Amino acid sequence: MNGTEKAAGSDIYLRALSLLSRRDHTTVELQRKLAGRGFSAESIAELLQQLTGKGYLDDKRFAERWTESAIRNGRGYGVRILQELQQRGIPREMAAEAVAAAAADYSVHDSLSAIVSRRFSSFDPARASRQEKQRVYSYLQRRGFSIQAITGFFNNQEEEFDR
């Protein structure tokens, strides 16, 4: 390895550490960013292997943390999170495991309740117009909740309101 190769190796390593110090990345995300900076595919592959070996880059850890954060912050649930993880380069099986693990910690009902109270605080399903209900249902579906979960949640809300 000559001096230029060492400098290039040092540059790619420092660039990767700089990216990883800001937030976790998937292997695919980091590969794309480094390739966009003009680093060779061979040096990127070698670096990714090195970072994975050191534990700096871990797709499973990324999937678990990102899923937990997305559910906790109301960005999504279930299918939506699964799709977003796959877009970030997480294999489907690994993404499904992360979503299932997070779903065990965050129930559908609790997640729906948090989103509805934050986003639609004055929404009352018993008194809402059909158009308003449709707007809320559509929003929640886009967040990854099934229509059965949404309907069940609002049916429970109406029953509690009637008591």
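Every chain is numbered independently, its residues counted from 1 as its sequence is written. Given that this is a predicted model, residues contribute local features only at a pLDDT of at least 70 and side-chain atom pairs are listed and counted only at 80 or more, while totals for whole chains, interfaces and linings are drawn from all residues. Hydrogens and water molecules were not included; the side-chain quantities draw on all heavy atoms of the structure.

## Overview of the packing of aromatic side chains
One pair of aromatic rings is described through two measures. These are the centre distance and the angle between the planes.
Argument step 1. Stacked, edge-to-face and tilted are the three classes for Phe, Tyr and Trp ring pairs, Trp counted by its six-membered ring, which pair at centre distances within 6.5 Å; planes under 30 degrees apart are stacked, over 60 edge-to-face, the rest tilted. A complete count under the given rule lists five aromatic pairs for this structure.
Argument step 2. With a centroid separation of 5.3 Å and an interplanar angle of 80°, the aromatic rings of Phe-120 and Tyr-139 are classed as edge-to-face. Of this pair, Phe-120 sits in the loop between helix 7 (108-119) and helix 8 (130-142) while Tyr-139 is found in helix 8, placing the two residues 19 residues apart along the sequence.
Argument step 3. Classification of Phe-120 as buried rests on a relative accessible area of 8%.
Argument step 4. For every residue, the accessible area obtained with a 1.4 Å probe (protein chains only) is divided by the maximum for its type, and the residue is called buried under 20%, exposed over 50%, and partly exposed between those limits. By relative accessible area, Tyr-139 is classed as buried at 10%.
Argument step 5. Look at NZ for Lys and CZ for Arg. If either is within 6 Å of the ring centre and within 35 degrees of the ring normal, a charge sits over the ring. A cation over a ring is seen here: Arg-75 above Trp-66, with NZ or CZ 5.2 Å from the ring centre. Only DSSP runs of H or I covering at least 4 residues are called helices, and only runs of E covering at least 2 are called strands; the numbering of each starts at the N terminus.

## Some details on the side chain of Thr-26
Argument step 1. Following the sequence through the fold, Thr-26 ends up in the loop between helix 1 (3-22) and helix 2 (27-36).
Argument step 2. Leaving out residues up to four positions away in the same chain, Thr-26 has contacts with Leu-57, Asp-59, Phe-62, Arg-88 and Ile-90. Contacts were defined at the residue level, with two residues in contact if any of their heavy atoms lie within 4.5 Å.

## Observations regarding the packing of helix 4 (residues 59-72) against helix 5 (residues 79-87)
Argument step 1. Lines fitted to C-alpha atoms define the axes here, with helix axes fitted over just the stretch in contact, and angles between the N-to-C directions of these axes take values from 0 to 180 degrees. Axis separation between helix 4 and helix 5 bottoms out at 11 Å; the angle between their running directions is 140°. Put simply, helix 4 runs oblique to helix 5. In the packing of helix 4 onto helix 5, the handedness of the crossing is right-handed. When helix 4 is examined against helix 5, the residues Phe-62, Ala-63, Trp-66, Thr-67, Ala-70 and Ile-71 are found in contact with a partner set consisting of Ile-81, Glu-84 and Leu-85.
Argument step 2. Taken together, the residues of the contact of helix 4 with helix 5 break down into seven nonpolar, one polar and one charged. Working rule for angles: under 35 degrees goes down as roughly parallel, over 145 as roughly antiparallel, 65 to 115 as roughly perpendicular, anything else as oblique. Crossing handedness: left-handed means the near helix sits turned counterclockwise from the far one by under a right angle, and right-handed means the same turn made clockwise. Each residue gets one of three labels, nonpolar for Ala, Val, Leu, Ile, Met, Phe, Trp, Tyr, Cys and Pro, charged for Asp, Glu, Lys and Arg, and polar for the others, Gly among them.

## Some remarks on the nonpolar core
Argument step 1. Note on terminology: a nonpolar core comprises buried Ala, Val, Leu, Ile, Met, Phe, Trp, Tyr and Cys residues joined through side-chain atoms within 4.5 Å. Of all hydrophobic cores here, the largest spans 28 residues; its most connected members are Ile-81, Leu-85, Leu-140, Phe-145, Ile-150 and Phe-154.
Argument step 2. Put simply, the parts of the chain that give this core at least two residues each are helix 4, helix 5, helix 6 (92-105), helix 7, helix 8 and helix 9 (147-162).
Argument step 3. Ranked by residue count, the leading element in this core is helix 4, at five residues.
Argument step 4. Setting aside chain neighbours within four positions, we find Leu-140 in contact with Leu-112, Ile-115, Val-116, Phe-145, Ile-150 and Phe-154.
Argument step 5. Counting residues in each nonpolar core, the second largest holds 12 residues, with Leu-19, Ile-44, Leu-47 and Leu-48 among its members.

## Section: a negative patch on the surface
Argument step 1. Among the surface-exposed residues, Asp-58, Glu-64, Glu-93 and Glu-97 lie close enough to one another that they form a single negatively charged patch.
Argument step 2. Given the relative accessible area of 45%, Glu-97 is considered partly exposed. Patch membership needs two things, relative accessible area over 30% and no salt bridge, and members are linked within 9 Å if like-charged or within 5 Å if nonpolar (Val, Leu, Ile, Met, Phe, Trp, Tyr). Throughout, the Shrake-Rupley method with a 1.4 Å probe supplies accessible areas, and for residues the shown protein chains are the sole cover considered. What counts as a salt bridge is simple: a side-chain nitrogen of Lys or Arg found within 4 Å of a carboxyl oxygen of Asp or Glu. The charge count treats Lys and Arg as positive and Asp and Glu as negative. His and the chain ends do not count. Lysine's charge is taken at NZ, arginine's at CZ, aspartate's at CG and glutamate's at CD.

## Section: the pattern of salt bridges
Should the charged atoms of two oppositely charged side chains come close, the side chains can pair.
Argument step 1. If you walk through the whole model with that rule in mind, you get seven salt bridges.
Argument step 2. Of the charged contacts in the structure, one is a salt bridge between Arg-23 and Glu-29, with a shortest N-O distance of 3.4 Å.
Argument step 3. On the basis of relative accessible area, Glu-29 is assigned to the buried category, the value being 10%.
Argument step 4. For Glu-29, the salt bridge is made with Arg-88, and the minimal N-O distance between the two is 2.9 Å. One end of the pair, Glu-29, is in helix 2; the other, Arg-88, is in the loop between helix 5 and helix 6, and 59 residues separate them in sequence.
Argument step 5. Within this structure, Arg-23, Glu-29 and Arg-88 form a network of salt bridges that share partners.

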